[in-house]
Amino acid sequence: MLRPLIVGVLIALSPLPVRADEPPYPADMPLLTLVDSRGQVLASFTLSSLEALPSREVTGSIPDTSDPEARWSGVSMNVLLGSQSIAAPDRMLAVGLDDYSDIIPRSDLEHYDPIVAYRRNGQYLAVDRYGPLVVMYPYTDYPELHERTYYSRTVWQLSELQLQ
Ligand SMILES: Nc1nc2c(c(=O)[nH]1)N[C@H]1C(S)=C(S)[C@@H](COP(=O)(O)O)O[C@H]1N2
Ligand SMILES: [Mo]
């Protein structure tokens, strides 16, 4: 009679086995598409394929929100393009799931090396937390980024990069 309770308490008290945290979406779901200027698909990425690439961390926050500064982990856009042997284009149109978009010029990749982030403070990003992917700039390292121009390039719910 008491046994299930005791077992339950023991389970609750025992250190949980260290298990990789699970994303709030399937790891093999296509999250990001690279397309050329004519809309031709060049590459597609899932969480697994993004995590297989070398990661980069930056600190910043989603502009104009009450979100505090956070540590974002993801893939450098330079590395992302390089993984497909694609030279950085003059401009990339970054498109969100809500069809919001803004242009990211090559100079940003050269000066700031922004990332396609898939974790915020170690946690995967749910769609209602600006996820699954967010373009994030290294705001803390470069205070000049605190400007409308870069705020609007901080595209959350990123789903497509159109190379132009
Ligand atoms: N997907 C998506 N990303 C976006 C936006 C948006 O509407 N959709 N707004 C941009 C702008 S203008 C700013 S200031 C920041 C914060 O947007 P918010 O104030 O709408 O949260 O996100 C940027 N990225
Ligand atoms: Mo904005």
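Residues numbered from 1 in each chain as written. Chains lettered and ligands numbered in written order. Predicted model: local features only at pLDDT ≥ 70, side-chain atom pairs only at ≥ 80, totals over all residues. Heavy atoms only, no water.

Per an unreviewed UniProt entry, the protein chain carries the name Oxidoreductase and comes from Salinicola corii.

**Q** Any details on the overall build of the protein chain? Residues and values, ideally.
**A** When its secondary structure is counted, the protein chain shows five helices and 10 strands. Taking all 164 residues of the protein chain together, the buried fraction comes to 43%. Relative to all contacts within the protein chain whose residues are 6 or more apart in sequence, the contacts with residues 24 or more apart total 61%. (Helix = DSSP H or I, 4+ residues; strand = E, 2+ residues; numbered from the N terminus. Buried < 20%, exposed > 50% of the residue type's maximum accessible area, 1.4 Å probe, protein only. Contact = heavy atoms within 4.5 Å.)

**Q** How would you explain the packing of aromatic side chains if you had to name every residue and give the values?
**A** Applying the stated rule across the entire model yields six aromatic pairs. Geometrically, the ring pair formed by Y112 and Y142 is edge-to-face, given 5.0 Å between the ring centres and 75 degrees between the ring planes. In this pair, Y112 is assigned in the loop between helix 4 (106-111) and strand 7 (115-120) and Y142 in the loop between strand 9 (134-136) and helix 5 (148-153), connecting sequence segments 30 residues apart. On the basis of relative accessibility, which here comes to 30%, the residue Y142 falls in the partly exposed class. The ring of Y124 carries R119 above its face, with NZ or CZ at 4.1 Å from the centroid. (Phe/Tyr/Trp six-rings, centres within 6.5 Å; stacked < 30°, edge-to-face > 60°. Lys NZ or Arg CZ within 6 Å of the ring centre and 35° of its normal.)

**Q** An account of the site of ligand 1 is needed here, citing residue identities and associated values.
**A** Around ligand 1, a shell composed of P63, D64, T65, D98, Y100, R148, Y151, T154, V155 and W156 is seen. A distance of 2.7 Å separates a nitrogen atom of ligand 1 from a polar side-chain atom of D98. Measuring from a nitrogen atom of ligand 1, one finds a backbone N or O atom of T154 at 2.9 Å. If ligand 1 stood free it would expose 490 Å²; the protein chains cover 76% of that surface. When its residues are assigned to classes, the shell around ligand 1 shows five nonpolar, two polar and three charged. (Near = heavy atom within 4 Å. Polar contact = N/O pair within 3.5 Å; in protein donor to acceptor, adjacent residues only side chain to side chain. Areas by Shrake-Rupley, 256 points an atom, 1.4 Å probe, with all protein chains shown as cover. Nonpolar A, V, L, I, M, F, W, Y, C, P; charged D, E, K, R; others polar.)

**Q** Go over the sheet that holds strand 10 (residues 158-163), please, and point to the residues and values.
**A** Here we have five strands laid out as an open sheet, ordered 2-1-10-5-6, and mixed in their pairing. Both edges of this open sheet fall to strand 2 (41-46) and strand 6 (101-105), since each of them pairs with a single strand only. Strand-to-strand twist across the sheet, computed as the mean angle between neighbouring axes with direction ignored, equals 20 degrees. Where strand 5 (residues 91-96) and strand 6 come together, five bridges link them in antiparallel fashion. Following the sheet pairing, A94 is matched in strand 6 by D102. (Pairing = 2+ DSSP bridges. Axes fitted to C-alpha atoms, helices over the stretch in contact; angles between N-to-C directions.)

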